[in-house]
Amino acid sequence: MVQANPNISENRPVIRQLDDAAINRIAAGEVVERPASAVKELVENAIDAGATRIAIDIADGGKTLIRVTDDGCGISAADLPLALSRHATSKIDGSDLLNIHTFGFRGEALPSLGAVGRLTITSRAAGGEAASIRVAGGKMEAVKPAALRSGTVVELRDLFFATPARLKFMRTDRAEAQAISDTVKRLAMAEPSVTFTLRDVSGGGEGRVVFRADRENGDLFDALHARLARVLGREFAENALQIDATREGIRLYGYAALPTYSRGAAVAQYLFVNGRPVRDKMLTGALRAAYFDFLSRDRHPAAALFIDCDPTLVDVNVHPAKSEVRFRDPGIARGLIVSALRHALADAGHRASSTVANATLGAMRPEPASPGPARVYQMDRPSPAARHVAFQAQSPGFAELSNDYSGRAIEPVPAPDAIAEVPEPTASDLPLGAARGQVHENYIIAQTADGMVIVDQHAAHERLVYEKLKTQMAENGVAAQALLIPEIVELSEGDCARLMAVTADLTRLGLTIEPFGGGAVAVRETPAILGEVDARTMVLDILDELADQGESQTVQARIEAILSRVACHGSVRSGRRMRAEEMNALLREMEATPHSGQCNHGRPTYVELKLSDIERLFGRS
């Protein structure tokens with residue numbers, strides 16, 4: 001039985017010109033995927049209009065109401081009908097589609113929204129009268145006088161009422177409202193000089209404020225830091241490193257979190273190009289590559305990074321929603337992100353996330369609250385000499401910590417006549433303090449000027465050894481072992497060309513690949529440190545990463561995994577008793593070694609507790 005081809009018909013197909021209503025509904029399907037997309041378009045229009053205050057009201061997840069009010073320049077009554085026409089815009093003149101300085105430029109958003117919902121625009125330009133226009137399902141009404149002091153109010157009701165099939169693909173009100181909140185927060189990060197207010201008015205009335213970010217003052221970094229603290233939380237702001245670097249006309253600035261402040265998914269990565277929020281594989285791949293050596297594969301960095309460059313160096317007209325961009329030279333942007341972040345992480349030295357200490361304090365349970373006023377304990381801290389006398393008065397067994405799993409580092413007590421002299425800087429004044437003891441033959445207890453530090457001796461020394469091995473490899477290169485018989489790997493011509501484009505980087509890592517005619521390649525050398533490898537599988541893994549991310553870390557990952565295992569076996573083991581000088585030497589080396597605040601898997605190597613927090617646990621004032 002022969003099945004009829006559905007693409008072949010007896011009647012010749014006829015080409016028709018679609019009407020404007022159908023064209024706008026098709027355009028809306030590209031630009032307006034969900035209520036959050038409509039909010040994005042309307043808020044970007046408000047920012048382009050020079051607004052300093054933007055209020056967004058939504059109801060039922062944006063399905064029944066989206067209202068955006070701004071104090072921007074407004075639209076004159078004569079221009080309102082034109083604003084609802086396709087490809088009518090005040091942002092470009094059409095002569096140069098690469099020199100774009102605004103969020104919007106296509107002139108599709110308002111007519112698309114009017115084609116699928118009930119849209120009302122009320123606006124007043126400076127020196128003019130307020131006016132209003134309404135369009136529902138693509139049918140435009142006449143301009144009418146209105147009452148408005150200044151700015152613009154855009155109200156969209158019953159989104160997708162003209163295309164009921166789209167309503168079936170909508171998610172719950174809660175999910176759509178969350179998507180709108182995320183969209184507004186992204187735009188708020190890019191515009192710290194603008195006040196944003198998001199209100200849910202479901203059910204009528206004043207509603208409730210879901211998000212509010214007042215205008216931030218100060219210079220670029222002060223304002224941005226304050227806005228990120230408001231949007232992403234105080235913990236991110238406390239554990240973020242300032243980034244500011246420039247290369248060949250492209251500037252990168254923003255904040256990136258410490259490796260120990262990582263997330264279980266890539267949900268805290270915010271990238272902006274010329275103020276526009278984007279989701280770009282190349283940029284996220286560069287961010288991942290910068291943290292490659294500090295996080296395990298199941299952890300993800302947190303960052304808010306902004307790239308500013310001449311608009312002619314980047315094409316934003318490659319996606320209907322303008323969420324993707326294409327750089328003229330992507331290698332410059334990628335290299336800038338990787339190098340700037342790695343320099344910032346190296347400059348952070350041994351610093352670890354403050355959330356580690358907060359989690360430690362949170363795990364400690366204070367005494368149950370008793371009825372009546374809280375008890376407050378006050379106690380003066382004894383001087384070193386007083387402590388020495390007190391210890392001598394105690395029994396020797398109490399003063400000495402000499403059980404099976406702990407040791408104590410004792411500093412000599414100065415003579416009474418030496419106490420009055422000007423003290424010299426001691427180890428306690430250093431960032432990681434002076435070692436005071438070792439517990440469970442694995443954790444070093446150190447005293448700092450304003451608290452204490454608990455160090456995981458094995459994890460800390462493992463990181464130190466790992467950094468030394470990496471330095472030696474960088475200085476001496478990766479040794480390569482020649483294969484007695486080169487392995488031939490058959491590939492498609494496209495895969496072969498993609499692989500040949502990165503052969504220089506692979507050769508630097510000890511993997512030598514040469515073309516072998518057609519789509520085949522010959523693997524002649526592999527990294528000696530890896531021992532015997534399956535060259536074909538490695539080549540295919542590299543190609544998979546190149547196709548998915550535009551770059552490959554396969555070889556480097558395998559080499560550094562070997563170095564990590566070597567460092568693990570060559571470091572101080574758990575269960576080893578350490579003398580005071582050994583513990584202090586480890587602390588000093590940690591202070592001098594970059595990235596020593598986290599182990600090879602991104603976990604912290606030490607926890608710092610402030611004295612004020614410890615005293616609060618014991619009810620002291």
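Thresholds applied
Residues numbered from 1 in each chain as written. Predicted model: local features only at pLDDT ≥ 70, side-chain atom pairs only at ≥ 80, totals over all residues. Heavy atoms only, no water. Helix = DSSP H or I, 4+ residues; strand = E, 2+ residues; numbered from the N terminus. Expected span 1.5 Å × (residues − 1). Buried < 20%, exposed > 50% of the residue type's maximum accessible area, 1.4 Å probe, protein only. Contact = heavy atoms within 4.5 Å. Pairing = 2+ DSSP bridges. Axes fitted to C-alpha atoms, helices over the stretch in contact; angles between N-to-C directions. pLDDT = per-residue confidence, 0-100. Phe/Tyr/Trp six-rings, centres within 6.5 Å; stacked < 30°, edge-to-face > 60°. Lys NZ or Arg CZ within 6 Å of the ring centre and 35° of its normal.

1. So, helix H10 (residues 330-347)
With 18 residues, H10 extends 26 Å between its outermost C-alpha atoms, agreeing within 8% with the 26 Å of an ideal straight helix rising 1.5 Å per residue. Those residues of H10 that sit buried are Ile 332, Ala 333, Leu 336, Ile 337, Val 338, Ser 339, Ala 340, Leu 341, Ala 344 and Leu 345. Looking at the buried side of H10, the elements it contacts are strand E10 (240-247), strand E11 (250-257), helix H9 (281-290), strand E14 (303-308) and strand E16 (326-327).

2. A short note on the sheet that holds E11
Reading across the sheet, the 5 strands line up as E10-E11-E14-E12-E13 and stay open at both edges, with mixed pairing between neighbours. Both edges of this open sheet fall to E10 and strand E13 (276-278), since each of them pairs with a single strand only. Each strand axis lies, on average, 20 degrees off the axis of its neighbour in the sheet, ignoring direction. Sitting on the sheet, helix H6 (residues 173-190) is in contact with strand E12 (269-273), E13 and E14, with an inclination near 55 degrees to E12.

3. Comments concerning the confidence of the model for the chain
Low pLDDT marks regions whose predicted coordinates should not be analysed in detail. Averaged over every residue, the pLDDT of the chain is 80; residues scoring 70 or more account for 78%. Within the model, pLDDT remains below 50 along residues 394-406, and this stretch shows 15 contacts once partners closer than five positions in the same chain are excluded. With pLDDT under 50 throughout, residues 415-425 is counted as low confidence; its partners more than four residues away or in other chains account for 2 contacts.

4. A few points about the packing of aromatic side chains
Aromatic rings considered in pairs are described by the distance between their centres and by the relative angle of their planes. What the rule picks out here adds up to 5 aromatic pairs. Summarising the aromatic geometry, the rings of Phe 221 and Tyr 255 are spaced 6.2 Å apart at their centres and angled 80 degrees between planes, so their arrangement reads as edge-to-face. You can see Phe 221 sitting in helix H7 (residues 220-232) and its partner Tyr 255 sitting in strand E11, a full 34 residues away along the chain. Of the two residues, Phe 221 and Tyr 255, neither departs from the other in class, the shared state being buried. The ring of Phe 161 has Arg 118 lying over it, and the distance from NZ or CZ to the ring centre is 3.8 Å.

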